[in-house]
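Here is how the chains run, residue by residue.
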Amino acid sequence: MNKQQIITALKAVREQKPLVLNITNYVVMNNSANGLLALGASPIMAHSQDELEELVPLVGAVVINIGTLDSHWIESMEAAVTLANRHGKPVVLDPVGCGVSSLRTHTSRRLAALAERLIIRGNASEIIALAGAAANSKGVDAMDGSEAAVSAGQQLVQQYNANVVISGEADIILGENVDIRLTNGHAIMPFVTGMGCTLSALTGAFAAVGEMSGAAAAAVMGVAGEQAASISPGPGSLQLNLLDTLYRLDAETLENHLSIEVTTA
Ligand SMILES: Nc1ncnc2c1ncn2[C@@H]1O[C@H](COP(=O)(O)OP(=O)(O)O)[C@@H](O)[C@H]1O
Ligand SMILES: Cc1ncsc1CCOP(=O)(O)O
Ligand SMILES: [Mg+2]
């Protein structure tokens, strides 16, 4: 995936406006839905098992975010992934807080094992914990740097036949034959809740148009986040400005600002 392919993928999202089903957490439902709309996609947030059988065939991708798990929701998440598999839909898994409780760790692993077309997007500590190594998380926040999660990420690529996006100061995208490093974004982004969850939701929009590496969403979020940060004195305005910069992001801005390094194996 290079700069031009990322620009083409963004154009495809805006043209196709894919419907993205999100089973996500109470904290970020609004951020994620607005992020998808600003990008040019259509969000639907739903978690009742009673409608998943009708919804999954209609959507381009399913995003599963375990941020505010409980047993009732786990059943819906498993049902959604099973339906996604049946209908050939991609799944994005955001293992929020993986490693912090056994509920989160075991559920993330079960969902990852179940999904057939999978992208895992987590911060470094979540990726390390998902792979079974010792992580330094603080609740849902990472205390590890992205590079420290690379070998865990590579393990997950093999174990779950998935692409893995490790977000943070650098976003590292790992796949079977690809290793991409993106260094956009801004250090103020972690001061707004739901930035990572929004990235996972956007990853669903790109997956729906066939971009299964995870790189395009990270690129768009990184450049839009950087642009938003440059006009935001603090987290409150950043949250709002991000929606505007996502909405206004164009090919020229990506061309001029995206910092991407691709290594193919
Ligand atoms: N120190 C940083 N510098 C630049 N961008 C960052 C930094 N930390 C996070 N980001 C960006 O914020 C977004 C969310 O990533 P992250 O904070 O790792 O996720 P999460 O909210 O799940 O912990 C990503 O686009 C990432 O690139
Ligand atoms: C604070 C919090 N608690 C449970 S889910 C959640 C939101 C996490 O969002 P993100 O990982 O995108 O910052
Ligand atoms: Mg997160």
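Small disclaimer: the values here were computed from a predicted structure and weren't measured.

Chemist: Help me understand the sheet that holds strand 9 (residues 260-264) in this model?
Modeler: Backbone hydrogen bonds are what pair the strands of a sheet, in a parallel or an antiparallel way. Spatially, 2-1-3-4-5-6-7-8-9 is the arrangement adopted by the nine strands of the open sheet, whose pairing is mixed. A strand with exactly one partner marks an edge of an open sheet, and here the two such strands are strand 2 (42-45) and strand 9. Strand after strand, the sheet turns through a mean of 15 degrees between neighbouring axes, direction not considered. Of the strands in this sheet, strand 1 (19-23), strand 3 (61-65) and strand 4 (91-94) touch helix 4 (residues 71-86), which is tilted by about 155 degrees from strand 3.

Chemist: Explain the UniProt feature "binding site: ATP" (unreviewed entry) in the protein chain to me, please; I cannot follow it from the model alone.
Modeler: Sequence positions flagged by UniProt for "binding site: ATP" (unreviewed entry) are, in local numbering, Arg121 and Ser167. For this annotated set, covering 47 residues, all C-alpha atoms fall within 7.3 Å of each other, a compact arrangement in space. Inspection of the secondary structure puts Arg121 in strand 5 (residues 118-123). Beyond its immediate sequence surroundings of up to four residues, Arg121 is in contact with Leu93, Asp94, Pro95, Val165, Ser167, Gly196, Cys197, Leu199, Ser200 and Thr203. Within the structure, the side chain of Arg121 is placed 2.7 Å from the side chain of Asp94, a separation counted as a polar contact. Along the chain, the position of Ser167 falls in strand 6 (residues 162-167). With sequence-adjacent residues up to four places away left out, Ser167 is seen in contact with Arg121, Gly122, Asn123, Ala124, Ser146 and Leu199. Polar contacts involving the side chain of Ser167 include one to the side chain of Arg121, which spans 2.7 Å.

The rules behind the values
Residues numbered from 1 in each chain as written. Chains lettered and ligands numbered in written order. Predicted model: local features only at pLDDT ≥ 70, side-chain atom pairs only at ≥ 80, totals over all residues. Heavy atoms only, no water. Pairing = 2+ DSSP bridges. Helix = DSSP H or I, 4+ residues; strand = E, 2+ residues; numbered from the N terminus. Axes fitted to C-alpha atoms, helices over the stretch in contact; angles between N-to-C directions. Contact = heavy atoms within 4.5 Å. UniProt positions renumbered as here; feature names shortened; annotations may be inferred. Polar contact = N/O pair within 3.5 Å; in protein donor to acceptor, adjacent residues only side chain to side chain.

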